[in-house]
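Read off the chains here:
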Amino acid sequence: SIHSPSHSPPPQSQPHSSNAAAMGDLVAEAERALRVLYNDPDNRNKKAAEAWLYDVRRTPEAWSLAWALLQPDRAPETQYFGLTVLQSKISHNWSELSEELRQQLKSQLFQRLMSAAALGQRLIVTKICVSLAALAIQAVPESWPHMIAEVVAIFEQAVPSIGAETAQRTMLNYFQMLVEEFQTATLTPIRRQTVNVEIYAGKDQVMSIILAMMSSPNDEVAQQAFACLQSWIELGLPLTDLQPHIAVAVQTLQREELFEEAADVLSKALTQPESSKHPRTVRALMMPICSLMPLYQQSVMERDDNVPRVIARLALSLGDCHVHLLIDLSDPAQLAVSQEFLQMVLALTNNPLPYPIED
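If you're wondering where the values come from, they're calculated on a predicted model, not measured in any experiment.

Asks: So what exactly am I meant to see when it comes to the overall build of the protein here?
Replies: Regarding its fold elements, the protein presents 19 helices and zero strands. Within the protein, buried positions represent 48% of all 359 residues. Surface accessibility of the protein: about 17,700 Å² in total, with carbon and sulfur atoms responsible for 53%. Each charge class in the protein was averaged separately, 26 positive and 40 negative side chains, and the resulting centres sit 5 Å apart.

Now the structure itself:
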């Protein structure tokens, strides 16, 4: 069982000696439970440890416990659990924090993020981004006005200490987690609308950053930009806002290291509901997709399973969602492109793949 201290210190304050001792015991117990969960072969012990770790997240002491577990000298799995606790407390117990403690928590999370980014702790970086995204969803606009502009400024200031490429990759990671957390968070309709307004207020700045980073010579930065773009497309952005991004994605289909990321962005754009309102943009993608047929045939001959699957997914994204454009006979020039596209689809479906995995 969990023995709660009589007083729970704020997340970042220094506890009194008695509270420090009690928190030290709680941290040690949490670390023991994590060792059992990850290493004990006995399933009964694992279940007991899992139950204890779940219950401790609901205690008032969890604010301080989370921060204690997040210290850089802890094991990665301990830090990860600390961030899981912190994200849960932010999402469900935000009202327990004073405004001063909310600002302290945000500031220290950014400090910890930069430290983890500089050390190359990718898993911890992503988890901190998730916690910061959860914080933003609770804080904007009252406790965090102009959130997106402030985040951009924070990362610009971090370039001298962590490097430009690390700062770019981490910032894109945060913006990706922001919209993913927003889409899955349990919010009242009024709160969801409030957060949506704040995100859209900074949309143009984020989309400009993504566009620039998609063409980065650093593959990891570009990959993160494409991943971030996919998440933002799911917000339902109109294709008119995505025209330059689509153009870069089409060009990037020729970049072997980013081929799959570019194709997945185009698939996402073609399958979002807003795409049906932009037939000219959809039609313009038919020829670039058809031009991938030689690559498809070469990959099949080389027994490369991945590239044919990516090309097929892209072609069928267009075909499944825009059949009406394929059978439109009003434009003779477009009809020829549609026929070429349909020939490509027939060739794709003629390729035998293992049954039943790819049936």
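After that view, the rundown keeps rolling.
Asks: I tried to follow helix α9 (residues 189–201) on my own but got confused; where do I start?
Replies: Because an α-helix packs 3.6 residues into every turn, residues spaced three or four apart end up facing the same way. For α9, spanning 13 residues, the distance from its first C-alpha to its last is 18 Å, which sits close to the expected 18 Å at 1.5 Å a residue. Within α9, burial applies to Arg-191, Val-195, Glu-198 and Ile-199. Seen from one end, α9 has its buried residues packed into an arc of 100°, which puts them on one side. Residues of α9 that are exposed and angled more than 90 degrees away from the buried face: Pro-189, Ile-190 and Ala-201.

Asks: Mind showing me how you'd approach the packing of aromatic side chains here?
Replies: We describe a pair of aromatic rings using the distance from one ring centre to the other and the angle between the two ring planes. Throughout the structure, instances matching the rule amount to three aromatic pairs. Pairing Phe-110 with Trp-144 gives two aromatic rings, centres 6.1 Å apart and planes at 90°, and the pair type is edge-to-face. With Phe-110 in helix α5 (residues 99–118) and Trp-144 in the loop between α6 (122–139) and α7 (147–162), this residue pair connects regions lying 34 residues apart in the sequence. With a relative accessible area of 6%, Phe-110 lands in the buried category. Linked through ring pairs, Phe-110, Trp-144 and Phe-155 together constitute an aromatic cluster.

Asks: Would you explain the nonpolar core in this entry?
Replies: Taken as a class, soluble globular proteins show a tendency for nonpolar side chains to be buried jointly. Counting residues in each nonpolar core, the largest one holds 118 residues, and the members touching the most others are Leu-105, Leu-109, Trp-144, Tyr-174, Phe-175 and Trp-232. With 12 residues, the top contributor of residues to this core is α6.

Asks: How do you make sense of the packing of α7 against helix α10 (residues 203–214) when you look at a structure like this?
Replies: Pairs of packed helices are described in terms of their axes, by the angle between the two and the distance that separates them. As a packed pair, α7 and α10 sit with axes 9 Å apart at the nearest point and diverge in direction by 35°. Where α7 abuts α10, its residues Ile-148, Ala-149 and Val-152 lie against Gln-205, Val-206 and Ile-209. Looking at the contact of α7 with α10 residue by residue, the class counts come to five nonpolar, one polar and no charged.

Asks: Could you clarify how one ought to interpret the packing of α5 against α6 in this entry?
Replies: Contact geometry of α5 with α6 gives a least axis separation of 9 Å together with a crossing angle of 160°. On the basis of the axis angle, α5 is roughly antiparallel to α6. Considering only the axes of α5 and α6, their crossing is left-handed. Note on element contacts: α6 touches α5 through Ile-124, Val-125, Ile-128, Cys-129, Ser-131, Leu-132 and Leu-135, opposite Leu-105, Lys-106, Leu-109, Phe-110, Arg-112, Leu-113, Ala-116 and Ala-117. Counted by class, the contact of α5 with α6 contains 12 nonpolar, one polar and two charged residues.

Asks: Whenever I open this one, helix α12 (residues 239–252) confuses me. Can you help?
Replies: Over its 14 residues, α12 runs 18 Å from end to end, which matches the ideal 20 Å to within 8%, given 1.5 Å per residue. Where α12 bends most, the angle comes to about 35°, and this point is His-245.

Asks: Explain the confidence of the model for the protein to me, please; I cannot follow it from the model alone.
Replies: Per-residue confidence for the protein gives a mean pLDDT of 91, with 93% of residues at or over 70. Every residue in residues 1–16 is under pLDDT 50, and counting partners more than four places away or in other chains gives 29 contacts.

Asks: What is the right way to look at the side chain of Lys-89 in this model?
Replies: Along the chain, Lys-89 falls in helix α4 (residues 76–93). Of the buried charged residues, Lys-89 lacks a salt bridge, with Glu-96 as the closest side chain of opposite charge at 4.1 Å. At 3.1 Å, the side chain of Lys-89 and the backbone oxygen of Thr-59 are in polar contact. Filtering out sequence-adjacent residues up to four positions away, Lys-89 remains in contact with Arg-57, Arg-58, Thr-59, Pro-60, Ala-62, Trp-63, Trp-94 and Glu-96.

Asks: Looking at this structure, I do not really get unusual backbone geometry. What am I missing?
Replies: Residues apart from glycine generally show negative phi values, whereas peptide bonds are mostly found in trans. Here the amide bond leading from Val-140 into Pro-141 is cis, since omega sits at -15°, within 30 degrees of zero. For His-146, which is not glycine, the phi torsion reads 55° and is therefore positive. For His-146, the position within the fold is in the loop between α6 and α7. Positive phi, normally seen in glycine, also occurs at Arg-303, with a value near 60°. When its relative accessible area of 74% is taken as the criterion, Arg-303 is described as exposed.

Asks: Which parts of the structure should I look at to understand the environment of Glu-261?
Replies: With respect to the secondary-structure elements, Glu-261 resides in helix α13 (residues 259–271). Taking the C-alpha atoms as reference, Glu-261 lies 8.4 Å from Ala-249; in sequence the two are 12 residues apart. Dropping the residues within four chain positions of it, Glu-261 is found in contact with Gln-223 and Phe-226.

Asks: I keep staring at the environment of Glu-142 and nothing clicks. Help me out?
Replies: Tracing the backbone through its elements, the reader meets Glu-142 in the loop between α6 and α7. A residue is classified by how much of its surface remains accessible, and Glu-142, at 60% relative accessible area, is exposed. Separated by 43 residues in sequence, Glu-142 and Glu-99 place their C-alpha atoms 9.7 Å apart.

The rules behind the values
- Residues numbered from 1 in each chain as written.
- Predicted model: local features only at pLDDT ≥ 70, side-chain atom pairs only at ≥ 80, totals over all residues.
- Heavy atoms only, no water.
- Helix = DSSP H or I, 4+ residues; strand = E, 2+ residues; numbered from the N terminus.
- Buried < 20%, exposed > 50% of the residue type's maximum accessible area, 1.4 Å probe, protein only.
- Areas by Shrake-Rupley, 256 points an atom, 1.4 Å probe, with all protein chains shown as cover.
- Lys, Arg positive; Asp, Glu negative; His and termini not counted.
- Charge placed at Lys NZ, Arg CZ, Asp CG, Glu CD.
- Expected span 1.5 Å × (residues − 1).
- Arc of directions from axis to C-beta.
- Phe/Tyr/Trp six-rings, centres within 6.5 Å; stacked < 30°, edge-to-face > 60°.
- Core = buried A, V, L, I, M, F, W, Y, C linked by side-chain atoms within 4.5 Å.
- Axes fitted to C-alpha atoms, helices over the stretch in contact; angles between N-to-C directions.
- Contact = heavy atoms within 4.5 Å.
- Nonpolar A, V, L, I, M, F, W, Y, C, P; charged D, E, K, R; others polar.
- Parallel < 35°, antiparallel > 145°, perpendicular 65-115°, else oblique.
- Left-handed = near helix turned anticlockwise from the far one by under 90°.
- Bend = angle between axes of the 7 residues up to and from the residue.
- pLDDT = per-residue confidence, 0-100.
- Salt bridge = Lys/Arg side-chain N within 4 Å of Asp/Glu carboxyl O.
- Polar contact = N/O pair within 3.5 Å; in protein donor to acceptor, adjacent residues only side chain to side chain.

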